[in-house]
Amino acid sequence: MIEKKTVCQIVEEWLEGKDYFLVEVTVSPDDKIVVEIDHAEGVWIEDCVELSRYIESKLNREEEDYELEVGSAGIGQPFKVLQQYYIHIGQEVEVLTTDGRKLAGILKDADEEKFTVTVQKKVKLEGAKRPKLVEEDEPFTYEQIKYTKYLISFK
């Protein structure tokens with residue numbers, strides 16, 4: 001069986017000096033290898049082909065047959081690595097918390113321990129007849145959430 005660690009090392013070699021980053025590598029027991037990469041401006045098919053060829057040049061099909069799939073982290077899929085938070089700062093995201101709350105807002109910032117989403121809430125201000133929309137920052141630790149994903153908007 002092909003080792004995940006081996007595939008990760010090959011991918012990291014290819015990524016060196018590029019703005020792409022590794023999101024995930026999976027290797028199934030029957031040697032189906034799936035590699036997901038991402039980039040702040042999207043992933044180009046030509047780069048997936050180039051990475052696929054690079055991986056194939058480093059693995060020997062004579063020793064072990066495998067199936068290889070190289071692609072981008074899916075739009076609308078939950079974030080898997082911290083870099084995905086970084087490249088989506090300033091964009092609309094959806095968060096599902098471990099206690100079941102789902103909210104959408106603008107990803108304000110992120111670091112290794114936490115991230116902040118600016119959400120709009122209806123708040124009835126003192127003396128007001130109707131609730132007013134106000135923006136409020138909601139901080140989260142990564143342990144508090146089930147997922148965060150980029151929201152595609154067609155405005």
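Just above sits the structure.
Reading the values: the criteria
Residues numbered from 1 in each chain as written. Predicted model: local features only at pLDDT ≥ 70, side-chain atom pairs only at ≥ 80, totals over all residues. Heavy atoms only, no water. Core = buried A, V, L, I, M, F, W, Y, C linked by side-chain atoms within 4.5 Å. Buried < 20%, exposed > 50% of the residue type's maximum accessible area, 1.4 Å probe, protein only. Helix = DSSP H or I, 4+ residues; strand = E, 2+ residues; numbered from the N terminus. Contact = heavy atoms within 4.5 Å. Pairing = 2+ DSSP bridges. Axes fitted to C-alpha atoms, helices over the stretch in contact; angles between N-to-C directions. Salt bridge = Lys/Arg side-chain N within 4 Å of Asp/Glu carboxyl O.

Engineer: Please clarify how the nonpolar core should be interpreted in this entry.
Structural biologist: As a rule of thumb, soluble globular proteins bury nonpolar side chains together. Core analysis: the biggest nonpolar cluster contains 21 residues, and Val7, Val11, Ile33, Val35, Leu51 and Ile55 have the highest contact counts within it. Secondary structure elements with two or more residues in this core: helix H1 (4-15), strand S1 (21-27), strand S2 (32-38), helix H2 (45-58) and strand S3 (67-72). Per-element accounting of this core gives the leading share, 6 residues, to H1. Sequence-distant contacts of Ile33, that is, excluding residues within four places in its chain, are made with Ile2, Val7, Thr26, Val27, Leu59, Tyr66, Glu67, Leu68 and Glu69. Of all hydrophobic cores here, the second largest spans 12 residues; its members include Phe79, Leu103, Val117 and Phe140.

Engineer: Looking at this model, I keep getting lost on the environment of Glu113. Mind explaining?
Structural biologist: Mapped onto the secondary structure, Glu113 falls in the loop between strand S5 (102-110) and strand S6 (114-123). In this structure Glu113 comes out as exposed when scored by relative accessible area, which is 53%. Sequence-wise, Glu113 and Gln77 are 36 residues apart; in three dimensions their C-alpha atoms are separated by 21 Å. Every residue in contact with Glu113, bar those within four places of it in the chain, is listed here: Phe140, Thr141 and Tyr142.

Engineer: Any chance you could explain the sheet that holds S3 here in plain terms?
Structural biologist: By definition, the strands of a sheet pair up through backbone hydrogen bonds, in either a parallel or an antiparallel sense. Taking strand neighbours across the sheet as the criterion, the 3 strands line up as S1-S2-S3 in an open arrangement whose pairing is mixed. Each of the sheet's edge strands pairs with one partner strand only, and the pair in question is S1 and S3. Going across the sheet, the axis of each strand differs from the next one's by a mean of 15°, ignoring polarity. Pairing analysis gives 6 bridges linking S2 to S3, with the strands arranged parallel. Residue pairing across strands places Val35 opposite Val70, the latter belonging to S3. Sitting on the sheet, H1 touches S1 and S2, and the angle it makes with S1 is about 155°. Here H2 sits on the sheet in contact with S2 and S3, set at roughly 150° to S3.

Engineer: How should the pairing of strand S4 (residues 92-97) be read in this particular structure?
Structural biologist: Each regular strand displays side chains that alternate between the two surfaces of the sheet. Burial of S4 is extensive: 5 of the 6 residues sit out of reach of the surface. Here 5 bridges tie S4 to S5, and the two strands are oriented antiparallel to one another. Counterpart to Val95 in the pairing with S5 is Leu103. Hairpin connection of S4 to S5: 4 residues between the antiparallel strands, including Gly100 at a positive phi of 90°.

Engineer: Before we go on, may I ask you to explain the pattern of salt bridges in this structure?
Structural biologist: It is possible for side chains bearing opposite charge to pair when their charged atoms get close. A complete count under the given rule lists 13 salt bridges for this structure. Glu36 is paired through a salt bridge with Lys80; the nearest N and O atoms lie 3.1 Å apart. Taken as a pair, Glu36 in strand S2 and Lys80 in the loop between S3 and helix H3 (82-87) lie far apart in primary sequence, 44 residues in all. Of the residues examined, Glu36 reaches a relative accessible area of 17% and is grouped as buried. The residue Asp137 makes a salt bridge to Lys108 at a minimum N-O spacing of 2.5 Å. Taken together, the positions of Asp137 in strand S7 (residues 132-141) and Lys108 in strand S5 put the pair 29 residues apart, joining distant regions of the chain. A cluster of three or more residues bridged by salt bridges with shared partners is formed by Asp99, Arg101, Lys121, Glu136 and Glu138.

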